[in-house]
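Residues per chain are reported as follows:
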Amino acid sequence: MAAGAPGGGGPARRIPLTFPAHPAEEALPVTPRPPSDDSPKKNGAKKPATGKKAAVQKTAAQQTEAGKAAEGKPAAKAPERSAGRKPAGSKGTKSAKKAPEPASAGGPPAPAGATPVPTDTPPSATGTAADHLSNPPTPGSPPRADVVPVFAGLGPGDRERLLSGTHHDPHGVLGAHPVPGGVAFLAFRPYALGVTVVTDDLRAELHDDGDGFFSAVLPLRAVPDAYRLLVAYEETVQDTEDAYRFLPSLGELDLHLLGEGRHEQLWQALGAEPMTHQGVTGTRFTVWAPNARGVRLAGTFNFWDGTGYPMRSLGSTGVWELFVPGIGEGELYKFEITRPDGSRTLRADPMARRTEVPPRTSSIVHTSHHTWHDEEWMAGRGERPAHEAPFSVYEVHLPSWRPGLTYRQLAQQLPAYVADLGFTHVELMPVAEHPFGGSWGYQVTGFYAPTARLGTPDDFKHLVDALHQAGIGVLMDWVPAHFPRDEWALAAFDGRPLYEHADPRRAAHPDWGTLEFDFGRREVRNFLVANAVYWCQEFHIDGLRVDAVASMLYLDYSRQPGQWTPNEHGGRENLDAVAFLQEMNATVYRRNPGVVTIAEESTAWDGVTRATHHSGPGGFGGLGFGLKWNMGWMHDSLDYVQHEPVHRKYHHHEMTFSMVYAYSENYVLPISHDEVVHGKKSLVSKMPGDWWQQRATTRAYLGYMWAHPGKQLLFMGQEFAQGAEWSETHGPDWWLLDPAYPAEADHRGVRDLVRDLNTVYRHTPALWEQDTDPSGFQWVVGDAAEDNVFAFLRLDAEGTPLLAVSNLSPVVRHAYRLGVPDSVPAWQETLNTDSARYGGSDVTNPDVVKPEPQAWHGRPASIRLTLPPLATVWLRPA
């Protein structure tokens, strides 16, 4: 590398370059000329030089020929041209030139491979190297434009590697480098007609070496601190900094952490980062591609031709870097990677913070300008752990909640709607960029970019900010288990398995046609851990619901014998995935106090929500999640309510079994999108009976769910008893709530119930304070199978109870006796899902109910209640 220590504050160290003389038979052309008919047309046809340019070119040719004569070498023959074209200088130009006199005393020696400057030409006419070095311009004087550059050239190896996109250190040959006799300038500008170097005291046109290369040795004592390039094209001249004069823009600490796979703010080191580097504004581009033979940058700024934008390799880290001056936010880009087999692939940036709207796939340079206004929320969100706080979640698929709304338009409607219903949190189905909308966001290609379908990253921040200001926490689904095979994304990113496992049996996900991450590779683990931190830190996300954890934990997940290999202990556990999840959770909790992680884990894995440093019976430390979806409760309870009431007595245990393991983890009770699609029917449509019974059972089920130990999650549309399955193409059926619709009251009644459930829930600590403590729950009657009745007590930390009773039979049960504590003098009905305002039959207990001194259900006192049909009743001390 032509640079000192990355990020160093001292003067730039440059590796001196030498340009060996080429044998006569291999001599590069020394006279600028348009390419011959049989030469590459990459730079376009060039007009014959005229005026000053022709004079400079002629002088350079004379110098070269004279230099060879002085060294006793034959003059180089002009390259052969196609028929009808004459070599440069053939119009009466003499073949013999006078040998130059030796350079004057004190002048610099001629650099190896460079033509000496002839001294028989008056300095005032040409401005020789010796003259310039011995008579530097006065400070403040205009740059001299009469200096004749000395041809520098480029070795054939470097030339070929730059042309083929396989150069690991373009900064080592391009840019400016000290050489004997001055400073060598080399520029690689395909399609340019000419390149001129401009410094504070010098202006010189570089020699056209063909194929887009321009070079010269200029008579300078040292590499200038700054210089610019004037690049002439057919119809314009570009005034620009030289990207290859800059030191690496990544510091030693960044490179060290990248090498260790421990860079917890990876997005600040990789990707596209607008910045000011060495006093110049531009964008730093970095990408991890350790198997690449070369990487070039392509984008709108170079018309998607990366030939002239090769990136440099930063040693053993596998990271490639290029700082491009003058490039700012809004530019589109990709990385052109030369694979180990020599083929090329154009890839989106894995670290892109912004992308094009699908199906377009380019990455976009992005800088955030959002100013947060959620200081109050952020300061208070960690006051109480999630498992000891009210936590009811409204799950939302943003693109279809109100189809057509942007992030900013959603910010005007979603917070108000969720706050009105009383939910404490929203959970957003994956917002990370994904190519196929029908995947609902679960096949991610842009792990660091919110989907562009709804707006920019700052627009998404605006939505999160608005939700926080409305007192609503924001969870998002996060998908570290797998990624799709799109050829422009992560799959075989640099020509070999990189993000996916090298073993095809470990790489291919058997269910979804995707690829699984290689959790054992430290850089991949770093990519994912930092991504989890990124969403929490940069977007103020309050929690991550981690998708498909079970598929990560087991080597034999959905695989048959012979399709998987046991771990080092002979077991089926994916030890790499275990280590990754532990590291992710520990890092997220350490860096973002108040955040919660939630596992969608569908097996009986021990210790999902146990601390990582506490080992369980199997010898594994806990995975470190804060909460876990209770898939068992969801399947069992839905199976129960889908039976006709007359048959429910045979399935009574399905409603009580959840309490056997309710305290083995910190649970969330999910009625998610997965349960209302693909033929599973919506929640209300699962229920048997006529429309009244379906709604009544739905209301009773929701009342039972909100009273059961654990947090609650309900998918959009179910809060107002939508009858149709959800579809991402049209979202919830909001027309059901139109007052002009005859059955609007039926749907509004269910929504009113959900609002009241959340309201009572939030103000009743007994329903959430001891969700993970067995002392917070007591059965009153759990074996009334013939009656289809369930009754239990919930208690807060001080012992204050709430009595929940569910009658899941379609008959009214009068004077139904239940044992209760004798410490409560009277009970008051606080919620009844059969209330007329919810669409029920309005069988209620309007009066205060006082215990009788009759022992029942093993308790010293009892009360008699009227149980409405297909309903849940809540009572608390009067």
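Above this text you will find the structure in question.
This structure is a prediction, so every number in the text was calculated from the model and none was measured. (Residues numbered from 1 in each chain as written. Predicted model: local features only at pLDDT ≥ 70, side-chain atom pairs only at ≥ 80, totals over all residues. Heavy atoms only, no water.)

S.K.: Explain the overall build of the chain to me, using residue names and the numbers behind them.
M.R.: Helix and strand counts for the chain come out as 19 helices and 35 strands. Every one of the 878 residues in the chain was classed for burial, and the buried ones make up 58%. When contacts within the chain are restricted to residue pairs at least 6 apart in sequence, long-range pairs at least 24 apart make up 72% of them. In the form shown here, the chain has an accessible surface area of approximately 34,400 Å², with 52% of it arising from carbon and sulfur atoms. (Helix = DSSP H or I, 4+ residues; strand = E, 2+ residues; numbered from the N terminus. Buried < 20%, exposed > 50% of the residue type's maximum accessible area, 1.4 Å probe, protein only. Contact = heavy atoms within 4.5 Å. Areas by Shrake-Rupley, 256 points an atom, 1.4 Å probe, with all protein chains shown as cover.)

S.K.: Would you mind going over the nonpolar core in detail, with residue names and values included?
M.R.: A general trend in soluble globular proteins is that nonpolar side chains are found buried together. Residues F285, L398, F460 and W535 are the most contacted members of the largest nonpolar core, which totals 181 residues. Per-element accounting of this core gives the leading share, 10 residues, to helix 11 (residues 522–538). By size, the runner-up hydrophobic cluster in this structure holds 21 residues, among which are W827, A861, V873 and L875. (Core = buried A, V, L, I, M, F, W, Y, C linked by side-chain atoms within 4.5 Å.)

S.K.: Explain helix 18 (residues 691–707) to me, and be specific about the residues and the numbers.
M.R.: The end-to-end C-alpha separation of helix 18 is 25 Å, in line with the 24 Å expected for 17 residues at 1.5 Å each. Across the 17 residues that make up helix 18, a large majority, 14, are buried. Capping of helix 18 at its N-terminal end is provided by D690; its side-chain oxygen lies 3.3 Å from the backbone amide nitrogen of W692. (Expected span 1.5 Å × (residues − 1). Polar contact = N/O pair within 3.5 Å; in protein donor to acceptor, adjacent residues only side chain to side chain.)

S.K.: Describe in detail the packing of helix 14 (residues 631–641) against helix 18, supporting the description with residues and values.
M.R.: Close contact between helix 14 and helix 18 brings their axes to 11 Å; oriented N to C, the two are set at 150°. Relative to helix 18, helix 14 is oriented roughly antiparallel. Two packed elements cross with a definite hand, and for helix 14 against helix 18 that hand is right-handed. Residues W633, M634, S637, L638 and V641 of helix 14 form the contact with helix 18, whose own contacting residues are T697, Y701, Y704 and M705. Here the residues of the contact of helix 14 with helix 18 are counted per class, giving 7 nonpolar, 2 polar and no charged. (Axes fitted to C-alpha atoms, helices over the stretch in contact; angles between N-to-C directions. Parallel < 35°, antiparallel > 145°, perpendicular 65-115°, else oblique. Left-handed = near helix turned anticlockwise from the far one by under 90°. Nonpolar A, V, L, I, M, F, W, Y, C, P; charged D, E, K, R; others polar.)

S.K.: Give me the lowdown on the packing of aromatic side chains, citing residues and values where you can.
M.R.: Inspection of every chain in the model, using the stated rule, returns 46 aromatic pairs. Where Y394 meets Y417, the ring centres are 5.9 Å apart and the plane angle is 50°; that geometry is what we call tilted. Taken together, the positions of Y394 in strand 17 (residues 392–396) and Y417 in helix 8 (residues 407–421) put the pair 23 residues apart, joining distant regions of the chain. Geometrically, the ring pair formed by Y534 and F539 is edge-to-face, given 5.5 Å between the ring centres and 75° between the ring planes. Comparing Y534 with F539 shows no difference in burial state: the two are buried. (Phe/Tyr/Trp six-rings, centres within 6.5 Å; stacked < 30°, edge-to-face > 60°.)

S.K.: Give me empty space enclosed by the protein: which residues, what numbers.
M.R.: Taken as a whole and judged by the stated rule, the model has 8 cavities of 30 Å³ or more. In this model, the largest cavity occupies a volume close to 110 Å³. Around the largest cavity, the lining residues are L258, G261, L266, L270, W288, T317, V319, M351, Y499, E523, N526 and F527. Counting residues per element, the lining of the largest cavity draws most heavily on helix 11, at 3 residues. (1 Å grid on protein atoms, 1.4 Å probe; cavity = no way out; pocket = protein on both sides within 12 Å on 5 of 7 lines; lining within 4 Å. Points joined across faces, edges and corners; volume = space filled by probe spheres on them.)

S.K.: Requested: an account of the pairing of strand 27 (residues 667–671), with residues and values cited.
M.R.: With 5 of 5 residues buried, strand 27 lies mostly within the body of the structure. Side-chain alternation along strand 27 places Y667, L669 and I671 on one buried face and V668 and P670 on a second face that is also buried. Pairing analysis gives 2 bridges linking strand 26 (residues 627–629) to strand 27, with the strands arranged parallel. Each bridged residue has a counterpart across the sheet, and for W629 the counterpart in strand 27 is V668. Across 4 bridges, the pairing between strand 27 and strand 28 (residues 711–715) is parallel. (Pairing = 2+ DSSP bridges.)

S.K.: How would you sum up the sheet that holds strand 9 (residues 271–277)? Please name residues and give values.
M.R.: Taken together, 4 strands build an open sheet; the order of strands is 9-10-13-12 and the sheet is antiparallel. Every other strand in the sheet has two partners, leaving strand 9 and strand 12 (312–313) as the edge strands with one partner each. Pairing of strand 10 (residues 280–288) with strand 13 (residues 319–325), which is carried by 7 bridges, proceeds in the antiparallel orientation. Bridging across to strand 13, R284 finds its partner in F323.

S.K.: Please set out the sheet that holds strand 35 (residues 871–877) residue by residue, giving values where relevant.
M.R.: Pairing is antiparallel in the open sheet, where 5 strands are placed in the order 29-30-31-35-33. Each end of this open sheet is capped by a strand with a single partner; those strands are strand 29 (777–784) and strand 33 (827–832). On average, each strand axis in the sheet is inclined to that of its neighbour by 20°, with strand direction left out of account.

S.K.: Any chance you could break down helix 19 (residues 744–762) for me, citing the residues and the numbers?
M.R.: Relative to the 27 Å expected for 19 residues at 1.5 Å per residue, helix 19 spans 27 Å between its end C-alpha atoms, a close match to the ideal helical length. By the criterion of burial, helix 19 is predominantly enclosed, with 15 of the 19 residues buried.

S.K.: Break down the pattern of salt bridges for me, citing the residues and quoting the values.
M.R.: With the rule as written, the count across this model stands at 39 salt bridges. Close ionic contact of E601 with K628 constitutes a salt bridge, the shortest N to O distance being 2.9 Å. Residue E601 is found in the loop between strand 25 (596–599) and strand 26, and its partner K628 is found in strand 26; the two are separated by 27 residues along the sequence. As far as burial versus exposure is concerned, E601 and K628 are alike and both buried. (Salt bridge = Lys/Arg side-chain N within 4 Å of Asp/Glu carboxyl O.)

S.K.: Tell me about the layout of surface pockets, and please be specific about residues and values.
M.R.: There is about 730 Å³ of room inside the second largest pocket. Taken together, 32 residues form the lining of the second largest pocket, with R381, R384, P385, A386 and A389 sitting closest to its centre. Elements with a minimum of two residues in the lining of the second largest pocket: helix 6 (375–380) and helix 13 (575–591). Broken down by element, the residue count for the lining of the second largest pocket peaks at 3 residues, all from helix 13. The class makeup of the residues in the lining of the second largest pocket is 12 nonpolar, 14 polar and 6 charged.

S.K.: Explain the side chain of T698 to me, and be specific about the residues and the numbers.
M.R.: Positionally, T698 belongs in helix 18. T698 gets classed as buried once you look at its relative accessible area, which sits at 1%. Look past the residues within four positions of T698 in its chain and what remains in contact with it is L683, V684 and M687.

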